[in-house]
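# A closer look at the structure
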Amino acid sequence: MAESTIKIPVGPQHPFLKEPCKFEFEISGEEIRGAKIRMGYNHRGMEKACEDRNYYQCLYLLERICGICSHSHTTAYIQAVESLLGLELPKRGLYLRTLVCELERLHSHLLWLGVAAHEVGFDTLFMYTWRDRELVMNILEEISGNRVNYAINTVGGVRRDITAEQRKKILDLTKVVRERVAYYANIGTNEPSFMARIQGVGKMSTERAIEKCAVGPFARASNVDRDVRRDDPYAAYGDLEFKVITSDSCDILGRVVVRVLEMVESCKMIDQLLDKLPEGEIAVQKVPRRVPAGAAVSRYEAPRGEDVHYVRSNGTDKPERVKVRAPTLCNLEAAAESVVGSYVADIPIAIASIDPCFSCTDRTTVLLNDRRRGVRMATWEELRRHGVDWYRQNKGIRF
Amino acid sequence: MFKKLVKWARVKSPWILHFNSGACNACDIEILASLMPHYDLERFGVMLKASPRHADVLICSGPVSKQIAPRLRRIYEQMPDPKFVVAVGACACSGGAFRGCYNVMGGIDSVVPVAAYVPGCPVKPEALIDGVAKLLGELNKESA
């Protein structure tokens, strides 16, 4: 007997989604049998807009791909541009850039931990992590001048130096964050009600994670030992000592553990960066406006995973093509698969466990009325017309 | 008498709905941050609701992409009268950095009427609190 399933749509406006995206879950009873994703609500056409702007204006625009990993996108883009220009960056500039990278990872992971706690109904932890996140935001505001879009990158280095006083404040911050993270690690792995919601939920095996091209903490929680910071070091990561955190539990618990321990590693890296911070210039003094013709790809380990930017130049002061591949795009397919087999009640936390960021992801729109591929979407009126005509021609029914 | 009571309740405790109409997330996390303990917008009686049918104020961020525009209109129509829209962020006010992009309508007011504009890219929680307080002040005057 064929099993009957029903479809429930979720989104685009839904309390568990902070951003618009539509899911269609096929369920049988309480169990999920399949999931479909419909994206594109956040597509703004930024890649095209980049072609009308010069390299510096693109920096401003690309920072606004995503408000949480804004520094990731500018760094990935600027690395591609700098490699086209063949610039040799001053050490201090690279160190400061890396410092902001790691501070951003701290705030992003704290944010995620709070959202994850909120999705399972553990609002106390949500409030706690967001309070601690404000400490990181204050530091970011102090060193860059803005809370969210830091705008600290420029072609050939960074725009602001840090003072001795700020350095001390950052060191104090990492001390506090370490204490708090130890507390969260304890809650995340010992609190029975929290554990009951995340252990064994949203399973993703190592093989499937690799097949589905998962990246970042999501993949590392499925025991895929990949991290661009170690495998292909950029900025100042070559000089730093850190561990790549992996977990073999392959479920949401693993994703919590990986992110919490990554925060500890970030604190370590920030301390090392401030310890070794070299003296000197923070940016290359004279940067040509025109970029020589060529193409470059740059990889970057954003808080959510590997971010890839491709820049093609035609020798003018504007890029010919900018292509962004954001980490959520890779993880979303895998996340849709990981909910299959769990309950309807697990949907929010399972989707949130990849830390989805749809504004990063929505880079294309697909034309549904694509006649060449035989795909067509009918409006209600067209369908009505078709029904009337079909019956008239085939059954002879006329009104 | 009943009207007075409703107005009093609305001003003292507006229920808000947050909707992202194609924003970059920056404004959205700032909206969320302003509801959190550090800034605590809830002390004005503001409460975040999940359904448009329960909300008085629609807090909306983003330049409105073409795909989201019909949804935004539908959500606006689902809200009970009287309803107020707060456009949060530079791109919600005018299109901001995305003005001229091919898939962007350019501002919330190109789709639904807006009662208050809060500029900033992204808005600071302080600015958002100021905007909401001003809107409540206006509503209070109207009810007097």
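Since the model is a prediction, treat every value here as computed from it, not as a measurement. (Residues numbered from 1 in each chain as written. Chains lettered and ligands numbered in written order. Predicted model: local features only at pLDDT ≥ 70, side-chain atom pairs only at ≥ 80, totals over all residues.)

### Considerations on the interface of chain B and chain A
Counted only if it meets this: What counts as a contact is two residues whose backbone-derived C-beta atoms lie within 7 Å of each other. Secondary structure elements are taken from DSSP: a helix is a run of H or I of four residues or more, a strand is a run of E of two residues or more, and numbering for both begins at the N terminus. Ten residues, namely Ala, Val, Leu, Ile, Met, Phe, Trp, Tyr, Cys and Pro, are considered nonpolar, four, namely Asp, Glu, Lys and Arg, are considered charged, and the remaining ones, Gly among them, are considered polar.
Facing the 32 residues of chain B at the interface are 34 residues of chain A. Every element with two or more residues in the side of chain B that touches chain A is listed here: strand S1 (15-20), helix H2 (26-35) and helix H3 (69-78) of chain B. Ranked by residue count, the leading element in the side of chain B that touches chain A is H2(B), at six residues. Its residues assigned to classes, the side of chain B that touches chain A comprises 20 nonpolar, eight polar and four charged.

### Focus: the domain arrangement of chain A
Short version of the rule: An automatic or database domain assignment is the source of the domain bounds shown.
With domains assigned, chain A is organised as domain 1 (46-361) and domain 2 (370-399). The C-alpha-based centres of domain 1 of chain A and domain 2 of chain A are spaced at 49 Å.

### Considering unusual backbone geometry
Each neighbour pair has its own omega, and for B:Asp81 with B:Pro82 the value is -10 degrees, a cis peptide bond. As for its position among the elements, B:Pro82 is in the loop between H3 and strand S4 (84-88). For the peptide bond that leads from B:Cys121 to B:Pro122, omega is -10 degrees, which places it in the cis range. With respect to the helices, strands and loops of the structure, B:Pro122 is situated in the loop between strand S5 (116-118) and helix H5 (125-143). For A:Ala151, which is not a glycine, the phi torsion comes out positive at approximately 50 degrees. Checked against the element boundaries, A:Ala151 lands in the loop between helix H5 (123-144) and strand S4 (153-154).

### Points about the confidence of the model for chain B
Inclusion rule: pLDDT is a per-residue confidence score from the predictor, ranging from 0 to 100.
Scored by pLDDT, chain B has a mean of 86; 99% of the residues are at 70 or more. Scored as a whole, the predicted complex attains pTM 0.88, and scored at its interfaces, ipTM 0.88.

### Side note on helix H6 (residues 164-190) of chain A
Residues and elements named next belong to chain A. Just so we agree on the cut-off: What a helix is expected to span follows from its residue count: subtract one and scale by 1.5 Å. A residue is called partly exposed when the number of other C-beta atoms within 10 Å of its own lies between 12 and 20, exposed at 12 or fewer, and buried at 20 or more, with C-beta atoms placed from the backbone.
In this model H6 runs 39 Å from its N-terminal to its C-terminal C-alpha over 27 residues, within 8% of the 39 Å that 1.5 Å per residue would give. Three or more residues of H6 are buried, namely Ile 170, Thr 174, Val 177, Val 181, Tyr 184 and Gly 188. Elements in contact with the buried residues of H6: helix H4 (91-119), H5, helix H7 (192-198) and helix H11 (252-276).

### Quick word on the nonpolar core
Cut-off, in case you're wondering: Each nonpolar core comprises buried Ala, Val, Leu, Ile, Met, Phe, Trp, Tyr and Cys residues, the members being joined through C-beta atoms within 7 Å.
Among the nonpolar cores identified, the biggest contains 164 residues, and A:Val81, B:Cys60, B:Val86 and B:Val88 are the most heavily contacted of them. Those residues in contact with B:Val86 that sit more than four places away from it in its chain are B:Val57, B:Ile59, B:Cys60, B:Ala115, B:Ala116, B:Val118, B:Gly131, B:Val132 and B:Leu135.

### Some thoughts on the environment of A:Leu106
All names here are of chain A. Counting through the fold element by element, Leu 106 comes out in helix H4. According to the C-beta neighbour criterion, Leu 106 is buried, with 26 such atoms within 10 Å. In this structure, the C-alpha to C-alpha distance between Leu 106 and Cys 267, residues 161 residues apart in sequence, is 8.0 Å. Leave out the neighbours within four places in its chain, and Leu 106 touches Val 136, Val 177, Met 263 and Ser 266.

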